Amino acid sequence: MSNRFEGKIAVVTGAASGIGEATVERLRREGAEVHGIDRAGGAEASGVDVGDESQVEAFFAKLERVDILVNSAGVAVRKPVAEQDAEGWDEVMRVNVRGTFLCSKHAIPRMGRGGAMVHLASVVGVTGVRNRAAYSTTKGAIVALTRNMALDYAPKGIRVNCVCPGFTRTNLTKGLLSNPEAAAKLLALHPLGRLGEAEDIASAIAFLVSGDASWITGQAIAVDGGFTAGHAVDV
C-alpha cells in the first residue's frame, strides 16, 4: 500500500461504521492523519452530531489544517411522500444535507493550501427508486451541492466531488438484506453480479481525494456495479 497521503490531515464523518469506517481505515493505511466524527462516538471517532453547528464548529476549531474532508454521515428512511411524517423528513434532511453543509462550511477555512472533499450521495440521487422520497431528495441535493461547491472553491484549489454508491452492505441496508427475496432482487439490479462492500466505496473515495484525481472536480461518480448503466433484463 502506498503512502500517498503522508502528511495529509483528513476528516471523515460517519466514521464509526460502514463506508465511513472503511474510509478511515483506507486513508490511514495510506499515511493520512485521520480524525473521525460520528454521532455515536467510539474509539475511532469523536462524538459529534453533524447537524448541530455548535458541535461541528467546536470540532473543527481544534484543527489548524484540513486537507481532506469526506462527508459520509447519513441516515435513511423508506417511505413514499404520502406516508412520510414531517419529523422523519426533517431528520433525514438535517443529517444528510445540513450535516454535509456544516462540515464543509467549517472545513473550508482550514484548507488554505487547497484540498479535496468527497460527499456521499447515492444512485438514488441520480435515478428513481421507489419508497425513498426523503432519502433520494437528500442525495439529489448533495449532487447539486457538489457541483456548486466545485465552482465556488476551484479558485482556492479545493476540489469537490461526490460518489453515488449502489446498494452496499452497511447498516443502512441490513434490513433489506435480511429478507432473502429482497436481497435477490437487489442483486439482480447490479450487472456485475454482487452488491457493494464498504471497501469498494472507500477505494473510490481514496482515489478522488488523491493527487491521481487532481483534474477531477464537480463530478458525481457512480460506484454501483453497473446499477445506473441500465436494466440488464433481456427483453
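One structure accompanies this document, and this report is about it. (Residues numbered from 1 in each chain as written. Predicted model: local features only at pLDDT ≥ 70, side-chain atom pairs only at ≥ 80, totals over all residues. Heavy atoms only, no water.)

Attention now moves to the nonpolar core. Grouped together as the largest cluster of nonpolar side chains are 27 residues, with contacts concentrated most on Leu 27, Val 163 and Ile 205. The element contributing the most residues to this core is helix 7 (residues 198-208), with 7 residues. Ignoring anything within four residues of it in the chain, the contact list for Leu 27 reads Phe 5, Ala 10, Val 12, Ala 32, Val 34, Ile 68, Ala 206 and Val 209. Of all hydrophobic cores here, the second largest spans 22 residues; its members include Leu 69, Cys 103, Ile 108 and Met 149. (Core = buried A, V, L, I, M, F, W, Y, C linked by side-chain atoms within 4.5 Å. Buried < 20%, exposed > 50% of the residue type's maximum accessible area, 1.4 Å probe, protein only. Helix = DSSP H or I, 4+ residues; strand = E, 2+ residues; numbered from the N terminus. Contact = heavy atoms within 4.5 Å.)

Inspection of every chain in the model, using the stated rule, returns 2 aromatic pairs. Ring geometry for Phe 59 and Phe 60: centres 5.3 Å apart, planes at 90°, overall edge-to-face. Pair check on accessibility: Phe 59 and Phe 60 agree, each one buried. Ring geometry for Phe 167 versus Phe 227: centroids 5.7 Å apart, planes at 55°, classification tilted. Remark: Phe 227 occurs in the segment after strand 7 (220-223) and Phe 167 occurs in the loop between strand 6 (158-165) and helix 5 (174-177); sequence separation between them is 60 residues. Among the residues examined, Phe 167 registers a relative accessible area of 9% and is labelled buried. (Phe/Tyr/Trp six-rings, centres within 6.5 Å; stacked < 30°, edge-to-face > 60°.)

In this model helix 3 (residues 86-107) runs 30 Å from its N-terminal to its C-terminal C-alpha over 22 residues, within 8% of the 32 Å that 1.5 Å per residue would give. Taking the largest bend as the criterion, helix 3 deviates by roughly 35°, centred on Arg 98. Buried residues of helix 3: Gly 88, Val 92, Val 95, Asn 96, Gly 99, Thr 100, Leu 102, Cys 103, Ser 104, His 106 and Ala 107, and no others. Close packing links the buried residues of helix 3 with strand 1 (9-13), helix 2 (53-61), strand 4 (68-71), strand 5 (115-120) and helix 4 (133-153). Between a side-chain oxygen at the N-terminus of helix 3 and the backbone nitrogen of Glu 87 the separation is 3.3 Å; the capping residue is Asp 85. (Expected span 1.5 Å × (residues − 1). Bend = angle between axes of the 7 residues up to and from the residue. Polar contact = N/O pair within 3.5 Å; in protein donor to acceptor, adjacent residues only side chain to side chain.)

In this section: the layout of surface pockets. Approximately 790 Å³ is the volume attributed to the largest pocket. Contributing to the lining of the largest pocket are 37 residues, with Gly 74, Val 75, Tyr 135, Thr 170 and Leu 172 lying nearest its centre. Listing elements by their share of the lining of the largest pocket, those giving two or more residues are helix 1 (18-29), strand 2 (33-38) and helix 4. With 3 residues, the top contributor of residues to the lining of the largest pocket is helix 1. Looking at the lining of the largest pocket residue by residue, the class counts come to 19 nonpolar, 12 polar and 6 charged. Its volume calculated, the second largest pocket comes out at about 470 Å³. As for the second largest pocket, its lining consists of 21 residues, and the residues nearest its centre are Val 129, Phe 167, Leu 186, Leu 189 and Phe 227. (1 Å grid on protein atoms, 1.4 Å probe; cavity = no way out; pocket = protein on both sides within 12 Å on 5 of 7 lines; lining within 4 Å. Points joined across faces, edges and corners; volume = space filled by probe spheres on them. Nonpolar A, V, L, I, M, F, W, Y, C, P; charged D, E, K, R; others polar.)

Look at Asn 131: it is not a glycine, yet its phi comes out positive at around 65°. Residue position: Asn 131 is located in the loop between strand 5 and helix 4.

This brings us to the pattern of salt bridges. In a structure, side chains of opposite charge can pair up when their charged atoms sit close to one another. Summed over the entire model, instances satisfying the criterion amount to 14 salt bridges. Ionic pairing is found between Glu 30 and Arg 26, a salt bridge with its closest N-O pair at 2.7 Å. Note on Glu 30: relative accessible area 1%, which makes it buried. You can call Arg 26 buried: its relative accessible area is 15%. Note that Asp 49 is salt-bridged to Arg 94, the shortest N-O span being 3.1 Å. A residue pair is termed long-range when its members are at least 10 positions apart, and Asp 49 in the loop between strand 3 (46-47) and helix 2 and Arg 94 in helix 3 qualify at 45 residues. Residue classification places Arg 94 among the partly exposed residues on the basis of a relative accessible area of 21%. Connected through shared salt-bridge partners, Arg 4, Arg 26, Glu 30 and Asp 212 make up one network. (Salt bridge = Lys/Arg side-chain N within 4 Å of Asp/Glu carboxyl O.)

Across the 6 residues of strand 5, 6 count as buried, placing the element largely inside the fold. The alternating pattern of strand 5 places Gly 115, Met 117 and His 119 on one face and Ala 116, Val 118 and Leu 120 on the opposite face, and all of these are buried. In the sheet, strand 4 pairs with strand 5 via 4 bridges, with the strands oriented parallel. Its bridge partner lying in strand 5, Ile 68 is registered against Ala 116. Taking the sense of rotation as the criterion, the β-α-β connection linking strand 4, helix 3 and strand 5 turns out right-handed. As defined by bridge partners, strand 5 adjoins strand 6 across 6 bridges and the pair is classed as parallel. Opposite Met 117, over in strand 6, you have Val 160 as the bridge partner. (Pairing = 2+ DSSP bridges. Right-handed = clockwise from strand over helix to strand, strands pointing away.)

Function cannot be read off these values alone, since they describe shape.
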